[in-house]
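Secondary and tertiary structure notes
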Amino acid sequence: MPYIHREGSCSCCRALTRRGMLLGAGALALSPRLVLAASGNYEAMVLTCIDPRMQEPAHRYLATRGLTGQYSQFTFAGAAIGVVAPKFADWHKTFWDNLAASIELHNIKSVIAIDHRDCGAAKIAYGDASIATPEKEDATHRAALTQFRQEVGQRHKSLQVETMLMALDGTVVKLG
């Protein structure tokens with residue numbers, strides 16, 4: 001039996017119905033920040049790791065700083081480690097291009113890099129020994145975050161740079 005597409009049966013068609021348009025307009029009315037999204041002038045670009053354990057703690061941390069709706073976000077393995085480690089060299093240009101786009105589109109004032117403890121990307125980039133003890137883990141992240149800070153400074157002198165290490169419980173220490 002042939003498939004018969006019924007209008008409104010899929011999400012793309014539902015958005016075009018009268019009800020879908022009203023729901024969309026209602027969402028914009030409830031969230032004025034969505035309307036402002038294209039206008040620029042935001043606080044920061046936030047760099048975080050892909051680790052699913054860190055998504056919510058990073059979001060909560062940024063909310064406590066009053067940054068909800070005020071940052072663009074770039075997420076890939078290792079956060080700052082992914083930007084500076086030779087093992088991930090193919091990724092570096094992607095980050096720098098995205099940072100440049102965020103500066104141009106969102107007129108950001110700073111970059112906030114949030115690495116985290118027990119990071120698998122640190123092991124991939126620098127070996128198991130790099131995070132074998134809390135002291136070695138701190139040193140590994142401090143070195144990566146310091147290099148990240150220096151590279152941002154070389155490319156974008158006007159940006160402020162914050163570098164930090166987040167524990168799995170969401171607590172943050174500034175490093176780098």
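What you are looking at is a predicted structure, and each value in this text was computed from that prediction instead of being measured. (Residues numbered from 1 in each chain as written. Predicted model: local features only at pLDDT ≥ 70, side-chain atom pairs only at ≥ 80, totals over all residues. Heavy atoms only, no water.)

With that settled, consider the environment of Asp138. Summarising the element assignment, Asp138 is placed in helix α8 (residues 134-155). What Asp138 contacts, discounting residues up to four positions off in sequence, is Arg117, Leu165 and Leu175. (Helix = DSSP H or I, 4+ residues; strand = E, 2+ residues; numbered from the N terminus. Contact = heavy atoms within 4.5 Å.)

A word on the nonpolar core. Generally speaking, a soluble globular protein has its nonpolar side chains buried in company with each other. Counting residues in hydrophobic clusters, the biggest one holds 32 residues, and the most contacted among them are Leu47, Ile81, Val83, Phe95, Leu99, Phe148 and Val152. The set of elements that each furnish at least two residues to this core consists of β1 (44-48), α5 (80-84), α6 (89-106), β3 (110-116), α7 (120-126), α8 and β4 (160-166). Setting aside residues no more than four positions away along its own chain, Val83 makes contact with Leu47, Phe76, His92, Phe95, Trp96 and Phe148. In this structure, Met54, Leu62, Met164 and Met166 belong to the second largest nonpolar core, which totals 11 residues. (Core = buried A, V, L, I, M, F, W, Y, C linked by side-chain atoms within 4.5 Å. Buried < 20%, exposed > 50% of the residue type's maximum accessible area, 1.4 Å probe, protein only.)

In this section: α8. With 22 residues, α8 ought to run about 32 Å at 1.5 Å a step, and its terminal C-alpha atoms sit 31 Å apart, in line with that. Of the residues making up α8, those classed as buried are Glu137, Thr140, His141, Ala144, Leu145, Phe148, Glu151 and Val152. Looking straight down α8, one finds its buried side chains confined to an arc of 120°; they lie on one side. Residues Glu135 and Gln154 are exposed on α8 and point more than 90 degrees away from its buried face. On its buried face, α8 is in contact with β1, α5, α6, β3, α7 and β4. (Expected span 1.5 Å × (residues − 1). Arc of directions from axis to C-beta.)

Turning next to the confidence of the model for the protein. Averaged over every residue, the pLDDT of the protein is 86; residues scoring 70 or more account for 78%. Confidence drops under pLDDT 50 across residues 9-31; counting only partners more than four residues distant or on other chains, this segment forms 14 contacts. (pLDDT = per-residue confidence, 0-100.)

Two orientations exist for strands paired in a sheet by backbone hydrogen bonds: parallel and antiparallel. One open sheet holds the five strands; their spatial order is β2-β1-β3-β4-β5, and the pairing between them is mixed. For this open sheet the edge positions go to β2 (71-75) and β5 (172-174), each flanked by a neighbour on one side alone. Here the strands of the sheet are splayed against their neighbours by 25° on average, with no regard to which way each runs. As paired elements, β1 and β3 share four bridges and run parallel to each other. Bridge pairing in β3 links Met45 to Val111. (Pairing = 2+ DSSP bridges. Axes fitted to C-alpha atoms, helices over the stretch in contact; angles between N-to-C directions.)

Bringing the pattern of salt bridges into the picture now. A complete count under the given rule lists nine salt bridges for this structure. Asp51 is the partner of Arg53 in a salt bridge, and the nearest nitrogen-oxygen pair spans 2.6 Å. Residue Asp51 is classed as buried on the basis of its relative accessible area of 13%. The shortest N-O distance in the salt bridge between Asp118 and Arg53 comes to 2.8 Å. (Salt bridge = Lys/Arg side-chain N within 4 Å of Asp/Glu carboxyl O.)

Time to look at the packing of aromatic side chains. In this description, an aromatic ring pair is defined by two values, namely the gap between the centres and the angle between the planes. According to the stated counting rule, one finds seven aromatic pairs in the structure shown. Between Phe74 and Phe76, the ring centres sit 4.9 Å apart and the planes meet at 80°, which makes this aromatic pair edge-to-face. For the pair shown, Phe74 and Phe76 are each scored as buried. Ring plane angle 80° and centroid distance 5.4 Å describe the contact between Phe74 and Phe95, whose orientation is recorded as edge-to-face. You can see Phe74 sitting in strand β2 and its partner Phe95 sitting in helix α6, a full 21 residues away along the chain. The residues Phe74 and Phe95 share a single accessibility class, namely buried. By way of ring pairs, the aromatic residues Phe74, Phe76, Phe88, Trp91, Phe95, Trp96 and Phe148 are connected into one cluster. Here the basic side chain of Arg155 rests over the ring of Trp96, its NZ or CZ set 4.0 Å away from the ring centre. (Phe/Tyr/Trp six-rings, centres within 6.5 Å; stacked < 30°, edge-to-face > 60°. Lys NZ or Arg CZ within 6 Å of the ring centre and 35° of its normal.)

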